[in-house]
Amino acid sequence: MIKYGIIGFNSQKIYNLVSSSKYGKRVCMWSHRCFTTSQMNIFDRKTKLQQKRIAANYPDHHLYDYLRDEVAERVIDRMADIARFFPTALDLGAGKGYLANHIAQDEVGKLYQLESCKDMLELQKANDVETYDIVGNEEILPFEENYFDLVLSSLSLHWINDLPGVLAQVKNCLKSDGVFLGAIFGSDTLFELRCSLQLAEIEREGGFGQHISPFTEMRDVGSLLQRAGLNLTTIDYDEITIDYPSMFELMHDLKGMGENNAAWRRKPVLHRDTMMAAASIYKEMYGNDDGSIPATFQVLYMIGWKPSDSQAKPLERGSGAVNLKDLDKVIKSNN
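For every chain, the first residue of the written sequence is number 1, and numbering continues from 1 along that sequence. Local features are withheld for residues below a pLDDT of 70 in this predicted model, meaning they are given only at 70 or higher, and side-chain atom pairs are given and counted only at 80 or more; totals for whole chains, interfaces and linings count all residues. The side-chain numbers reported here are obtained from all heavy atoms of the structure, hydrogens and water having been left aside.

A. Quick look at the overall build of the protein. For the protein, the count of helices and strands is 11 helices and eight strands. Burial classification: accessible surface area is computed with a 1.4 Å probe over protein chains only, and a residue below 20% of its type maximum counts as buried, one above 50% as exposed, and the rest as partly exposed. For the protein, the proportion of its 335 residues judged to be buried stands at 51%. Contacts are assigned to residue pairs with any non-hydrogen atoms lying within 4.5 Å of each other. The long-range share in the protein, meaning contacts at least 24 apart out of those at least 6 apart in sequence, stands at 79%. Where accessible areas are quoted, they stem from the Shrake-Rupley method and a 1.4 Å probe; at the residue level, only the protein chains shown are allowed to cover. Just so you have it, the protein exposes about 16,900 Å², and 51% of that area is on carbon and sulfur atoms. A run of DSSP states H or I qualifies as a helix once it reaches four residues; a run of E qualifies as a strand once it reaches two. Both are numbered from the N-terminal end.

As structure tokens, then:
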């Protein structure tokens, strides 16, 4: 592996990284587009960055990587199903380089890792693939058009405010017939914790606030990809269930992952008696026979391709040789 170090988002070096004399102007254009035209502002990005820094500086930070490592491996398994070598790839929201740990040299040539938290990137392990580390905002992609053969993202897009805008940028920086492959938390993630906290707050405080950040609905993912201009889309999902001794260990691990709630409308205070009530409700409603509690993480996987003339095209409407009404006759004749 060749280690190129961390390149600051505003440094002159990153201008040379994309080999473009117009790079500075392009960043300004994307900045204006993302921060002045977007009407979506769900998450406090500064708070999320601080949460990541705190998680990265835990002495035992590696103990909380189990979920991201598992999902990263599943993402790369899906990438391996594409029988193609990708000379240039991007890991959007790289974290500690979870995806790079599972990528082989015969799959990807150069891997650019874009991550907002410098402390996270500095914790990545040695790997075989040639990497370029970029510290920058995941909502603004500072790359030339038609630059990457592949864009990957594993468990980072659920903190993006303007997801349609970011996917449009992904499509913009992909080469013709390039592929985007991402994993994102779905709406059923941590439903046990959400329900328990809501019931406890209603009981103890007469109402409830937002303690779990909103997640994407599976039915919306295909529309998001198509809206961004990607085609040949494929969507599937996994439900990963992890057992914890109690609700408090689950919440501690979420903090260690840097997955604290960062929504603007989050409730800042969770009273002790409400937490105790929520822990009891959690165990009563969802607890296992051994006294542990399960936590469900729904992971949505999405694949989309940038349009190309080389891609297979659907036949024109009405060009079929057999009417679907006669399908049973065709089956009988073939038998």
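B. Representation of the pattern of salt bridges within the structure. We define a salt bridge as a contact between a side-chain nitrogen of Lys or Arg and a carboxyl oxygen of Asp or Glu at a distance within 4 Å. On inspection of all chains with the given rule, the structure shows 13 salt bridges. Notably, a salt bridge pairs lysine 52 with glutamate 115, separated by 3.0 Å at the nearest N-O pair. Taken as a pair, lysine 52 in helix α3 (residues 45-56) and glutamate 115 in strand β3 (residues 108-115) lie far apart in primary sequence, 63 residues in all. Grouping residues by exposure puts lysine 52 and glutamate 115 together as buried. A salt bridge links aspartate 238 to arginine 74, with the shortest nitrogen-to-oxygen separation between them at 3.0 Å. One end of the pair, aspartate 238, is in strand β7 (residues 231-244); the other, arginine 74, is in helix α4 (residues 66-80), and 164 residues separate them in sequence.

C. Expanded view of the confidence of the model for the protein. Scored from 0 to 100, pLDDT reflects the predictor's confidence in each residue. The predicted model of the protein has a mean per-residue pLDDT of 84, with 85% of residues at 70 or higher. Predicted confidence is poor over residues 1-38, with pLDDT under 50, and the contacts of this stretch with residues over four places away or in other chains come to 71 contacts.

D. Summary view of a nonpolar patch on the surface. Judged by side-chain polarity, Leu324, Leu327 and Ile331 come together as a nonpolar surface patch covering roughly 320 Å² of accessible area. Following the sequence through the fold, isoleucine 331 ends up in helix α11 (residues 327-334). For isoleucine 331, a relative accessible area of 44% gives the class partly exposed. Here a patch means residues that are over 30% exposed by relative accessible area and free of salt bridges, tied together within 9 Å if like-charged and within 5 Å if nonpolar (Val, Leu, Ile, Met, Phe, Trp, Tyr).

E. The arrangement of the pairing of strand β5 (residues 148-154) in detail. Judged by how many residues are buried, β5 sits mostly within the fold: seven of seven residues are covered. Two strands make a pair as long as DSSP finds a minimum of two bridges between them. Here three bridges tie strand β2 (residues 86-92) to β5, and the two strands are oriented parallel to one another. Within β5, the residue paired with aspartate 91 across the bridge is leucine 152. Pairing geometry for β5 and strand β6 (residues 174-185), over six bridges, is parallel. Note that in β6 the partner of serine 153 across the bridge is glycine 182. A clockwise course of the path from the first strand over the helix to the second, judged with the strands pointing away from the viewer, identifies a crossover as right-handed. Handedness of the crossover joining β5 and β6 through helix α6 (residues 163-173) is recorded here as right-handed.

F. Representation of the packing of helix α9 (residues 247-257) against helix α10 (residues 272-286) in the model. Relative to each other, α9 and α10 sit at 110 degrees, their axes nearing to 9 Å. The angle between α9 and α10 falls in the class roughly perpendicular. Contacts between α9 and α10 involve Met247, Phe248, Leu250 and Met251 from the first element and Met275, Met276, Ala278, Ala279 and Tyr282 from the second. Broken down by class, the residue content of the contact of α9 with α10 amounts to nine nonpolar, no polar and no charged. All axes here are fitted lines through C-alpha atoms, helices being fitted over the stretch that makes contact, and every angle between N-to-C directions spans 0 to 180 degrees. For this classification, under 35 degrees means roughly parallel, over 145 means roughly antiparallel, 65 to 115 means roughly perpendicular, and everything else is oblique. Residues were grouped as follows: Ala, Val, Leu, Ile, Met, Phe, Trp, Tyr, Cys and Pro as nonpolar; Asp, Glu, Lys and Arg as charged; and all remaining residues, including Gly, as polar.

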